[in-house]
Amino acid sequence: ARQQAEAVVGAAEARVVSAQAGVEAVSAEARFARLQFERFEQLAGQEVVAQAELDRARSEWERAASLEAAARTQLVAARFELENARAVLEVAAGGREEAPMVVPVRAVIDGVILRRHRWSEGPVLAGEPVLDLGDLAQLEVQVDLLSAAAVRVVEGMRVVLTRWGGSGDLEAR
């Protein structure tokens, strides 16, 4: 059990290193995309760059920022996995008298509960979902529209989502 726990710790440490490298890579891409957008924004103000190019640069910057946020979340999750693996190793090595019956579980993001998979207490298997969490300010909805409706859509427009799977309507922009 101790050897297995040591192997799990080693794998978790490798995931942390990999996730950190991923954060650094996408952070560099996000910085470049932001600078590129700022350059295009200045050139668009001078009417040197077409609006479509500015929109493409903005989209690339937003995509890169989203990838960076996802990479940071993966790093946090990898660190939690490592912390958990070290606790298991400590128990396997006899560093703790007994494994705790209740283990605090920390979320990898700040957000609200979108869905509960379990409604009562009891043992939870590794990898079994308990809750779905989400940051409502970061949720994105993709909607297919007819061309006649799509041309009337403007940034910041009020949207009401009905029959989305929960009770009531959701307000969005």
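Residues numbered from 1 in each chain as written. Predicted model: local features only at pLDDT ≥ 70, side-chain atom pairs only at ≥ 80, totals over all residues. Heavy atoms only, no water.

## Comments concerning the environment of Ala-30
To be explicit about the condition: Helix numbers and strand numbers start at the N terminus; a helix is a DSSP run of H or I with at least 4 residues, a strand a run of E with at least 2. Relative accessibility under 20% of the residue-type maximum defines a buried residue, over 50% an exposed one, and the middle range a partly exposed one, all with a 1.4 Å probe and only protein chains included. Contact definition: two residues touch when any of their heavy atoms are within 4.5 Å.
Tracing the sequence through the fold places Ala-30 in helix H1 (residues 2-45). Under the relative-accessibility criterion, Ala-30 is labelled buried at 7%. As a C-alpha pair, Ala-30 and Glu-60 span 30 residues in sequence and 8.5 Å in three-dimensional space. Contacts of Ala-30, omitting those with residues within four sequence positions, involve Trp-61, Ala-64, Ala-65 and Glu-68.

## As for the nonpolar core
Note the threshold: Grouping buried Ala, Val, Leu, Ile, Met, Phe, Trp, Tyr and Cys residues that are joined through side-chain atoms within 4.5 Å yields what is termed a nonpolar core.
Residues Val-9, Ala-12, Val-16, Ala-19, Val-23, Val-26, Ala-71, Leu-75, Ala-78, Leu-82 and Ala-85 constitute the largest nonpolar core, which totals eleven residues. Elements with a minimum of two residues in this core: H1 and helix H2 (51-92). Among the elements that line this core, the one with the most residues is H1, at six residues. What Ala-71 contacts, discounting residues up to four positions off in sequence, is Gly-22, Val-23 and Val-26. Core analysis: the next-biggest nonpolar cluster, separate from the first, contains six residues, Phe-37, Ala-44, Val-49 and Leu-54 among them.

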